[in-house]
Amino acid sequence: MTSQRLTRSTVLRAALTTSLLALSAGALTAAPASAATGTITGLAGKCLDVAGANSANGTAVQLYDCNGTTAQQWTVGSDGTIRALGKCLDITGNSTADGARLQLWDCSGGANQRWTVSAARDIVNPQANKCADVTGNTSANGAPIQIWTCTGGANQKWTAPAADGGGTNPNAPMAVAPYLYNGWGSPPNPTTVMNATGVKWFTLAFVLSNGYCNPQWDGGRALTGGVDQQTVNTVRAGGGDIIPSFGGYSGNKLESSCSSAGELASAYQKVINAYGLKAIDIDIEADAYSNTTVQQRTVDALKTVKANNPGIKVYVTIGTGQNGPDTGLINRAASSGLTVDSWTIMPFDFGGAGQNMGTLTLRAAEGLKTALKNAYGYSDDQAYRDMGISSMNGITDQNETVTVADFQTILGYAQQHHLARLTFWSVNRDRPCTSGVADSCSGVGQQDWDYTRVLAKYTG
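Along each chain, residue indices are assigned from 1 in the same order as the chain's sequence is written. Per-residue local features of the predicted model are confined to residues with pLDDT of at least 70, and side-chain atom pairs are confined, for both listing and counting, to 80 or more; whole-chain, interface and lining totals are unaffected and use all residues. Note that the side-chain values use all heavy atoms of the structure and ignore hydrogens as well as water.

## Here's the deal with the sheet that holds strand E5 (residues 82–84)
One open sheet accounts for 5 strands, arranged E1-E4-E5-E6-E7; its pairing is antiparallel. Each edge of the sheet is formed by a strand with only one pairing partner; in this case those strands are strand E1 (35–38) and strand E7 (102–105). For this sheet, the mean angle separating the axes of adjacent strands, direction not counted, is 35°. Summarising the sheet, strand E6 (residues 87–91) and E7 pair through 4 bridges and their orientation is antiparallel. Counted as the bridge partner of Leu-89 is Leu-104 from E7. Pairing between two strands requires that DSSP report at least two bridges joining them. Numbering goes from the N terminus for both helices and strands, where a helix is a DSSP run of H or I of at least four residues and a strand is a run of E of at least two. Only the contacting stretch of a helix is used when fitting its axis, a line to C-alpha atoms as for every element, and angles between N-to-C directions run 0 to 180 degrees.

Here you go:
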């Protein structure tokens, strides 16, 4: 039998253990060292709210008009917690089932109190692999918050403070991704552009159909193993990455060649899997997209892509008039429950030289903001953060001139409103011409990469 007597060293060890346990318990309730505090806004611009500002365990978390109270001040920590009124956002009963409600509870360090705010603006519980969701997709005050399978729907999109507390958007490098095209225009070496400008991402054009529901670069170059693969490898070796663009003006479109949304989603997925992508761009320009069947097929396929690839960014690039884009596709997407990470307009080819393209770009962007507010019920801030601008540097197809100063105007607007995306057609053209306008130059007086340098300053 062991002795019941405690030695002095045993007593000291016991005391130390007790102190450490007390410190550990305190660490569960203290705010994380790296954190940011503010409102979390969601559906219809309303706030994530603690019902009745009650800090008792089990108090429901709901959607409510933003009112500036402490019940709507959330601290997003680098430790994965989201806290209000000194307690943690918690899944009732440690459940991982669809429909489990969110509540306030003492911080315990449990997996049901861990959250990730994704680049796609989802608040995800990794244990359940499900999203914070406004129950019933209603924006009524008091709508409870639950977890649900991530769908990409507007009722699962949130704008939250950044856990690092930084003043810049960590996704800004991805947001600035000029188009690079290997099909013509003496494609520049991306390493040269990256070293000269600091830009890290490129939108690599274009993924098309080979006549069937099979994705290939320009509809004829192999998806992997060719010059486009080499470009991807070069960019990634330099610390950057690419966003493939599906569509464009000419060529066979997957969206038309694929016979169903399921087939189209599989074609998108083939490219995502081939390159381990973080984002895709759907560039909608050709007459094929005016077909309502093709539009709906595209919308439904993108819903599947977002559901199957949590965190992936989906950009949709569309044409626009001077006062904003046609709203048909945006309204179709909203009514179908598809939210994308940026509706990006191409504000050029309005027709006629001599216009101030910086001013016209901002006018068109304000029209896009209105369209998104009307379609999705967004606040101004939400709409801006869901927008992008894809300009054209130099002389456009309709003889307009987009100057470097116009790009400065666009940059200022993007910085003011925290746009989701800034790009242009194309980095191939971001060089001076020896004569005329070509696919490999801008047609205006400039130094190599002047336009890229402007947008590379974007901080989100």
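## Some remarks on unusual backbone geometry
Excluding glycine, residues mostly carry a negative phi; peptide bonds, for their part, are mostly trans. Residue Phe-206 is reached from Ala-205 by a cis peptide bond, and omega for that bond is -15°. Here Phe-206 is to be found in strand E13 (residues 201–209). Looking along the chain, the bond that leaves Trp-425 and enters Ser-426 is cis, with omega of 0°. Structurally, Ser-426 can be placed in the loop between strand E22 (421–425) and helix H12 (450–455).

## Side note on the packing of helix H6 (residues 261–275) against helix H7 (residues 292–308)
Across the interface, H6 lies against H7 with an axial gap of 8 Å and an inter-helix angle of 50°. Put simply, H6 runs oblique to H7. H7 is crossed by H6, and the crossing has right-handed handedness. Contacts between H6 and H7 involve Ala-261, Leu-264, Ala-265, Tyr-268, Gln-269 and Ile-272 on the former and, on the latter, Arg-297, Thr-298, Asp-300, Ala-301, Leu-302, Thr-304, Val-305 and Asn-308. When an angle is under 35 degrees it counts as roughly parallel; over 145 it counts as roughly antiparallel; between 65 and 115 it counts as roughly perpendicular; any other value is oblique. Helix crossings fall into two classes, left-handed where the near helix is turned counterclockwise from the far one by less than a right angle and right-handed where it is turned clockwise. Throughout, a residue-residue contact means that at least one pair of heavy atoms, one from each residue, lies within 4.5 Å.

## Considering the nonpolar core
Here the nonpolar core consists of buried residues drawn from Ala, Val, Leu, Ile, Met, Phe, Trp, Tyr and Cys, with membership extended through side-chain atoms lying within 4.5 Å. Only protein chains enter the accessibility calculation, which uses a 1.4 Å probe. A residue is then buried if its area is under 20% of the maximum for its type, exposed if over 50%, and partly exposed in between. Ranked by size, the top nonpolar core spans 113 residues in total, and within it Trp-74, Ile-280 and Trp-343 carry the most contacts. Per element, the largest residue contribution to this core is 8 residues, and it comes from helix H9 (residues 357–376). If we skip the residues at most four places from it in the chain, Trp-343 touches Val-316, Ile-318, Leu-329, Ile-330, Ala-333, Leu-368, Leu-372, Tyr-376, Asp-386, Met-387 and Gly-388. Listed in part, the 6 residues of the second largest apolar core include Met-174, Ala-177, Ile-243 and Ala-279.

## A short note on empty space enclosed by the protein
Any empty space left between atoms is shown by rolling a water-sized probe over those atoms. Put simply, the grid is 1 Å and covers the protein atoms alone, a cavity is a trapped set of points that fit a 1.4 Å probe, a pocket is an open set with protein on both sides within 12 Å along at least five of seven lines, and lining residues have an atom within 4 Å of a point. Grid points are joined across faces, edges and corners, and a volume is the space filled by probe spheres set on the points. All chains considered together, the criterion is met by 3 cavities of 30 Å³ or more. In terms of lining, the largest cavity is formed by 11 residues, of which the most central are Asp-122, Gly-152, Lys-157, Lys-306 and Gly-311. The residue inventory of the lining of the largest cavity, partitioned by class, reads 4 nonpolar, 4 polar and 3 charged. Roughly 40 Å³ of internal volume is contained in the second largest cavity. Around the second largest cavity sit Ile-284, Thr-298, Val-299, Leu-302, Val-316, Leu-329, Ala-333, Leu-338 and Trp-343, which together line it. At the level of elements, H7 and helix H8 (328–335) are the ones that each hand at least two residues to the lining of the second largest cavity. Sort the elements by how many residues they give to the lining of the second largest cavity and H7 lands first, with 3 residues. Taken together, the residues of the lining of the second largest cavity break down into 8 nonpolar, 1 polar and no charged. Each residue gets one label: Ala, Val, Leu, Ile, Met, Phe, Trp, Tyr, Cys and Pro are nonpolar, Asp, Glu, Lys and Arg are charged, and the others, such as Gly, are polar.

## Describing the confidence of the model for the chain
When pLDDT is averaged along the chain, the result is 88; 90% of the residues meet or exceed 70. Low pLDDT (under 50) marks residues 164–168, which in the prediction has 4 contacts with non-local residues, meaning those over four places away or in another chain. One number per residue, pLDDT, summarises how confident the predictor is, and it ranges from 0 to 100.

## What about the packing of aromatic side chains?
Planes of paired rings set the category: under 30 degrees apart is stacked, over 60 is edge-to-face and the rest tilted, where pairs are Phe, Tyr or Trp rings (Trp by its six-membered ring) whose centres lie within 6.5 Å. With the rule as written, the count across this model stands at 13 aromatic pairs. Seen from their ring centres, Tyr-179 and Phe-206 are 6.3 Å apart, and the 40° between their planes marks the pair as tilted. With Tyr-179 in strand E12 (residues 179–181) and Phe-206 in strand E13, the pair connects residues that are 27 residues apart, well separated along the chain. By relative accessible area, which is 1% here, Tyr-179 ends up buried.

## A closer look at the sheet that holds strand E10 (residues 130–134)
The strand order across the open sheet built from 4 strands is E8-E9-E10-E11, with neighbouring strands paired in antiparallel fashion. Edge positions in the sheet fall to strand E8 (116–117) and strand E11 (145–148), since each has one partner strand and no second. Pairing between strand E9 (residues 123–125) and E10: 2 bridges, direction antiparallel. Counterpart to Val-124 in the pairing with E10 is Cys-131.

## What to know about the state of the cysteines
The definition used for a disulfide is geometric: two cysteine sulfur atoms within 2.5 Å. Per the counting criterion, the structure on display carries 5 disulfides. Disulfide pairing places Cys-47 opposite Cys-66 at an S-S distance of 2.1 Å. One disulfide, between Cys-47 and Cys-66, carries an S-S torsion of 100° and so falls in the right-handed class. Remark: Cys-66 occurs in the loop between strand E3 (61–64) and strand E4 (74–77) and Cys-47 occurs in strand E2 (residues 47–50); sequence separation between them is 19 residues. Judged by relative accessible area, Cys-66 falls into the partly exposed class, the value being 42%.

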